[in-house]
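Notes for the structure review
Spelled out from the first residue to the last, the chains are:
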Amino acid sequence: MRQTTIITSTLLCIGLASSPSLLAEISITPPPSIAQPTTTPTADGRPPKPVATVPSTETAIDAADAAADAALDPPPLAGTANANDPREKIKDAVVKVHIVQHTYDTMSPWNSDSQKGSGSGLIIAGNLILTNAHVAADSTFLEVQRHGETKRYEAEVVYISHESDLALLRTKDANAYKNITPLELGDLPKMQQPVEVYGFPIGGNTLSVTRGVVSRIEKQNYVHTGENLMAAQVDAAINFGNSGGPVISGGKVVGVAMQSGFLTENIGYMIPTPIIRHFLDDAKDGKIDGYGFHGFLTQSMENPAMRHKYGLTDEQTGILVHKVYTNSPAAGKIQIGDIVTEIDGHKIENNSTVEFRPGEFIDHTHYIDMHQIGEDIKFKVIRNSQLQEVALKLDKPGKEYLLVKPNQYDKQPTYFIFGGLVFMPLNQDVIDGMDGTPARIGALTYESPDESRNEAVIMTKVLPADINKDYHHDSDLLIEKINGESIHNFRDFYQKIQAATSDFITLQAADDYQLVIDRKDAIARQPQILAQYGVNADRSKDLQVSEPLSAPAPVAAPVTVAPTAPVAAPVTVAPTSPVVAAELPPPAVTTPAAQPVTPIVVPVPQPAAPVAGGSHP
């Protein structure tokens, strides 16, 4: 009612409510209650002055409701069973995703659990199903069920992007949905544009459709991994189970519903089409690269003293470079103290935003997000009061520039237990599992890998035993050295323990804090400690290719452990010919993501005016 009143007031202010011709021009049928001027002559025979009947408030509200419905409803589809209700075709392409997930306890990674859940998805070109990554993550069994059907079809993950929180599924039965008209992608919606959210929220088994409008478009931290990307806020109800469902306006998909980190009412978020298109384009070469990183960090320049120091006029705007990453695209091309004024031809304001539509601003890094790995980004910078142009090529995913890697999915966390001490590589999952983040560990999240260290090692906790007495309360210790030698990464740490022949292994943490382990005692007591705490293996699956530490005899020579690729989301080997709508091969062979994959060509409708877009690592 509140939205209707606002719309009505607007229509009245600009004369739409009393102007049938103007209403007709914007394809809104004038309400029948708007009366025409009377032409009854006066007593002296002269024509009277026209008198218009003012529409009632209820009539104006009806007109406004009709206008809103016209803006929201998709055009009728030819050949539909019910041409007066085109939503039926949309509903046909919405599915419920049933999932069984196998997850691990991050801080006790030898423990795992399976649980059932559900989400939503939509059928797109190529007989593929688009949904959220967090719906399909860690899946061991997937089924999809179309609206209006009771039959479920087993499905598999084709591609998954945890950064984008998007995934592509495919039914193992190639003919399951070949006769369903796929949904098409639309453009980025405008502010206050009406939308409908389709999905299967908790509380029922049937399809739910809710209405609202787009109320905000800006970069947000996605809940799934914390990646900062464009998101659109809508005031339609989006509840648990809605995730992955389509957000529709004008008969086309303008977004995919996603989870929100805010415990608020009538506020939901969707992944808009620029991010969806980036994901689909990324998948065309057969693998998901994610988002690139240009290699430098900046700060805003709204402070008058800072602007005066760098000689900026009132007309000049930009942001100040304060860090350049080693071996990044910016190394040798961008300098600390440079003022970045433009990105891909878009003026950067002093608060780090750019105007992506008239009167609408978004953080400038959005334009980096819109590039694929291998593409160039063009900047204009002021250096020593001289304007210069710089082109930077995105060479690899931004996460590779992080010492502390993002959240991990679809694999068991890596761990190793020795002498009752539990060691793990430091990543965001481990930080999230801590009761509090020590300052020293938090600082590592801003560092990049270098030649001396590309991964940090942490002792997360101790399984108390007599051989580790006095260390029982130690936890979250960064291990800097082993027997005086620096550690390059977790595998290097693991191999050094395997190769040790000395009686004692000395681990050094920050400020030379030491943990001393009797190597022979640790090997001899290992089975007893594991049994005491119900641990079925002293190392994660990716380390079990090496020989267990089962005998106290010294290791004669270093044991070389062949690196194994992390097991990622299932990726199917595609046919040699492109996948097109209604033409899918028999069920594909599932292989680890690290294996070569023949590209899947995903037909993606191109927008009339693509929105360009960048991000920190």
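What counts, and where the lines are drawn
- Residues numbered from 1 in each chain as written.
- Predicted model: local features only at pLDDT ≥ 70, side-chain atom pairs only at ≥ 80, totals over all residues.
- Heavy atoms only, no water.
- Pairing = 2+ DSSP bridges.
- Helix = DSSP H or I, 4+ residues; strand = E, 2+ residues; numbered from the N terminus.
- Axes fitted to C-alpha atoms, helices over the stretch in contact; angles between N-to-C directions.
- Contact = heavy atoms within 4.5 Å.
- Buried < 20%, exposed > 50% of the residue type's maximum accessible area, 1.4 Å probe, protein only.

**Focus on the pairing of strand 1 (residues 94-104)**
- Relative to strand 2 (residues 112-124), strand 1 is paired through eleven bridges, and the arrangement is antiparallel. Within the sheet, the bridge partner assigned to Gln101 lies in strand 2 and is Gln115.
- Bridge count for strand 1 against strand 4 (residues 139-146) is seven bridges, and the pairing is antiparallel. Along strand 4, the bridge assignment pairs Val100 with Phe141.

**Looking at the sheet that holds strand 2**
- Strand order in this closed barrel of six strands is 1-2-3-6-5-4, and the pairing throughout is antiparallel. Each neighbouring strand pair of the sheet contributes to a mean axis angle of 40°, computed without reference to strand direction.
- By the bridge criterion, three bridges tie strand 4 to strand 5 (residues 153-161) in an arrangement that is antiparallel. Paired with Leu142 across the bridge in strand 5 is Ala155.

**What about the sheet that holds strand 28 (residues 514-518)?**
- Pairing in this open sheet of four strands is antiparallel, and the strands run 26-25-27-28 from one edge to the other. Strands at the two margins of the open sheet, each flanked by one partner only, are strand 26 (485-486) and strand 28.
- Across the sheet, helix 12 (residues 519-532) lies against strand 27 (504-508) and strand 28, angled at about 65° from strand 28, the strand it touches most.

**Focus on the pairing of strand 19 (residues 376-383)**
- Across four bridges, strand 15 (residues 339-343) lies against strand 19 in antiparallel orientation. Within the sheet, the bridge partner assigned to Ile339 lies in strand 19 and is Ile382.
- For strand 19 and strand 20 (residues 386-393), the ladder comprises eight bridges, and the chain directions are antiparallel. For Val381, the partnering residue across the bridge sits in strand 20 and is Gln388.
- Between strand 19 and strand 20, which pair antiparallel and follow one another directly, the connecting turn spans two residues, one of which, Asn384, has a positive phi of 55°.

**Focus: unusual backbone geometry**
- Backbone geometry at Asn127 places phi at a positive 60°, although glycine is not the residue there.
- Position of Asn127 relative to the elements: it lies in the loop between strand 2 and strand 3 (128-131).
- Asn127 gets classed as buried once you look at its relative accessible area, which sits at 6%.
- Notably, Asn483 is not glycine yet its phi reads approximately 50°, a positive angle.
- Within the fold, Asn483 resides in the loop between strand 25 (481-482) and strand 26.

Geometry only, nothing functional implied.
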